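Here is how the chains run, residue by residue.
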Amino acid sequence: MYDLIIVGGGPAGLTAALYASRSGLKTIVFEKEVLGGKITTAHLVENYPAFVNGINGFELGELMANQAQKYGAEISFEEVKALKLDGKIKTVYLSDKELQAKAVILAMGSKNRKLGLPEEDQLIGRGISYCATCDGNFFKGQDVAVVGGANSAVSEALYLSKIAKTVRLIYRREKFRAEKIDIQRLQNTPNILTHTNSEIIKLNYDQVLKSVIIQNNKTQATEELFVNGLFVAIGHVPNTDLVEGQVALDAQKYIITDQNMTTNLEGVFAAGDIRSGAFRQVITACGDGARAAESVIDYLKKV
């Protein structure tokens, strides 16, 4: 029997584990992929306090995990298969066993949103990627494209500009929504070519990606861009499949919480990118995790 089970080992989950374990709660974190969540794909995190020159996302995630473990939090790489969240005792089902806890924090984060084109899935790993820092070096000296216009897309384009011959940045709106400093960097990088008001309507391939067809939203004109790699950075979808039908979700399937990270179920809390209305930055995910852990501490004093 655990005091607290945390599902998800990103910044929210690891911060919650840090606060809970420091308060003496018997805590375990389950993470099926890599500790640190989506930040591990960032080659440089520049907006997290204290790291004046930035820090590699993988390293930041590792430091967060080490700190939580230092104070007694357990970390497991087993995949949670199902959850039973009603009642005072919560049950987490793994592939070969089940564990129980008095409280649960849901911090499963989100996954990459796909373009939705019919050829997309079969081209993953054959030209299509959702992580420039993971796969960028496969396209050294080649022509690539990035689709998206917010912070992640612009950051990916800037990273790839140091590796690829040219980078085509494709965005469906008129203006990019990234931070001003990155937009300035974008404008000062000669091998990044921008295509605004444009969307990809077709992927051309022969075993691997050969080109993309884009269409201008205003003129309806089409253009073929010959690229070897396409990096998709158009947002995320919450990982709430495990809890759908148990925890209240909003229209986009994010978990609804109050300011204390409390869900509609007693003893169940949510934190980070999975939460409705979250800002979806590392710093705010950490804040969510800390608040969720404090809410768990308060809750367990009353039960």
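1. Considering the sheet that holds strand S9 (residues 143-147)
Thought 1: The strand order across the open sheet built from 5 strands is S8-S15-S9-S10-S11, with neighbouring strands paired in parallel fashion. Each edge of the sheet is formed by a strand with only one pairing partner; in this case those strands are strand S8 (128-129) and strand S11 (192-195).
Thought 2: Sheet topology places strand S10 (residues 166-170) next to S11; 4 bridges connect them, and they run parallel. Each bridged residue has a counterpart across the sheet, and for Val-167 the counterpart in S11 is Ile-192.

2. Quick notes on unusual backbone geometry
Thought 1: Backbone geometry places Ala-50, a non-glycine residue, at a positive phi of 90°.
Thought 2: You can see Ala-50 is positioned in the loop between strand S2 (27-30) and helix H2 (57-70).
Thought 3: Look at Ala-50 and you get exposed, because its relative accessible area is 78%.
Thought 4: Even without being glycine, Asn-197 reaches a positive phi, approximately 55°.
Thought 5: Counting through the fold element by element, Asn-197 comes out in the loop between S11 and strand S12 (198-206).

3. A closer look at the pattern of salt bridges
Thought 1: In this structure the tally under the stated criterion is 13 salt bridges.
Thought 2: For Lys-38, the salt bridge goes to Asp-273, with nearest N and O atoms at 2.5 Å. One end of the pair, Lys-38, is in the loop between S2 and H2; the other, Asp-273, is in the loop between strand S17 (268-270) and helix H6 (282-302), and 235 residues separate them in sequence.
Thought 3: Overall, the relative accessible area of 30% leaves Lys-38 in the partly exposed class.
Thought 4: Three or more residues are tied together by salt bridges with common partners; here these are Lys-32, Glu-79 and Lys-81.

Calculation rules
- Residues numbered from 1 in each chain as written.
- Predicted model: local features only at pLDDT ≥ 70, side-chain atom pairs only at ≥ 80, totals over all residues.
- Heavy atoms only, no water.
- Pairing = 2+ DSSP bridges.
- Helix = DSSP H or I, 4+ residues; strand = E, 2+ residues; numbered from the N terminus.
- Buried < 20%, exposed > 50% of the residue type's maximum accessible area, 1.4 Å probe, protein only.
- Salt bridge = Lys/Arg side-chain N within 4 Å of Asp/Glu carboxyl O.

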